[in-house]
Amino acid sequence: MAASTRWLLAAALLASLPTLLVREAPMDAFLSLERRGPAPRRVPFRRFLRRTVVALQRPRALRLLALYFGLDAALGLFERPFSIDLFQHQGWEAAGLSRLRAMLTLASGTAGAVAVGVWPDVPGLTHTCAPCFSGAPSPSCWPGP
């Protein structure tokens, strides 16, 4: 096993430890995977699909879907010429480009996870970022220093 794989496995195990060690209530046991409280209610699959379709038909959800697909399309248009340029004109190899993509994916995923975890805790952020989610351009979309 490569050293980088061992480091990644060790980091993943270390990152998963808090889910087992952190107790929600003082009476909870360490390293316990037992469920507290009643089991969640089972929703029939057809009902789940119906609710999902209804939720996705809302204007806000349609705007977010359009944003996601638009960003993905823009990245797709940019990624191929960029990769070809790196191969043909800059002398990159496939392994180097793969490492670059992996690092960028790790960095953007980590930044996105931090943003999703931290920003909802900021008071008033919902009102500040409402123009971003509605599709209206506004300088208040970006968090200040």
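Residues numbered from 1 in each chain as written. Predicted model: local features only at pLDDT ≥ 70, side-chain atom pairs only at ≥ 80, totals over all residues. Heavy atoms only, no water.

### Considerations on the overall build of the protein
Right, so step 1: If you tally the helices and strands in the protein, you get five helices and zero strands.
Right, so step 2: Seen in sequence order, the protein has helices and strands lined up from the N terminus as α-α-α-α-α.
Right, so step 3: Residues counted as buried form 8% of the 145 residues belonging to the protein.
Right, so step 4: Long-range pairs, those at least 24 residues apart, make up 10% of the contacts in the protein with a sequence separation of at least 6.
Right, so step 5: Per element, the accessible surface of the protein, about 12800 Å² overall, is 68% carbon and sulfur. (Helix = DSSP H or I, 4+ residues; strand = E, 2+ residues; numbered from the N terminus. Buried < 20%, exposed > 50% of the residue type's maximum accessible area, 1.4 Å probe, protein only. Contact = heavy atoms within 4.5 Å. Areas by Shrake-Rupley, 256 points an atom, 1.4 Å probe, with all protein chains shown as cover.)

### Brief notes about the confidence of the model for the protein
Right, so step 1: Overall, the prediction assigns the protein a mean pLDDT of 76, with 70% of residues at 70 or greater.
Right, so step 2: In this model, residues 136–145 is a region of pLDDT below 50 whose contacts with residues beyond four sequence positions or in other chains number 10 contacts. (pLDDT = per-residue confidence, 0-100.)

### Comments concerning the packing of aromatic side chains
Two aromatic rings are characterised by how far apart their centres lie and by the angle between their planes.
Right, so step 1: As enumerated under the stated definition, the model contains two aromatic pairs in all.
Right, so step 2: Centre to centre, the rings of F45 and F48 are 6.2 Å apart; their planes meet at 35 degrees, and the pair counts as tilted. Of this pair, F45 and F48 both sit in helix α2 (residues 45–56), separated by three residues, roughly a single helical turn. (Phe/Tyr/Trp six-rings, centres within 6.5 Å; stacked < 30°, edge-to-face > 60°.)

### Observations regarding helix α3 (residues 59–88)
Right, so step 1: Taking 1.5 Å as the rise per residue, α3 with 30 residues should run 44 Å; its terminal C-alpha atoms sit 44 Å apart, in good agreement.
Right, so step 2: Of the residues making up α3, those classed as buried are A61, S83 and L86. (Expected span 1.5 Å × (residues − 1).)

### Some remarks on the side chain of S83
Right, so step 1: Along the chain, S83 turns up in helix α3.
Right, so step 2: Given the relative accessible area of 8%, S83 is considered buried.
Right, so step 3: Look past the residues within four positions of S83 in its chain and what remains in contact with it is L97 and R101.

### Topic: the pattern of salt bridges
Right, so step 1: Counting across every chain of the model gives one salt bridge.
Right, so step 2: Here E79 and R101 are joined by a salt bridge, their closest N and O atoms 3.3 Å apart. Residue E79 is found in helix α3, and its partner R101 is found in helix α4 (residues 94–118); the two are separated by 22 residues along the sequence. (Salt bridge = Lys/Arg side-chain N within 4 Å of Asp/Glu carboxyl O.)

### Focus on a positive patch on the surface
Right, so step 1: Judged by side-chain charge, R41, R46, R47, R50 and R51 come together as a positively charged surface patch.
Right, so step 2: Mapping R50 onto the fold places it in helix α2. (Patch = residues over 30% accessible without salt bridge, like charges linked within 9 Å, V, L, I, M, F, W, Y side chains within 5 Å. Lys, Arg positive; Asp, Glu negative; His and termini not counted. Charge placed at Lys NZ, Arg CZ, Asp CG, Glu CD.)

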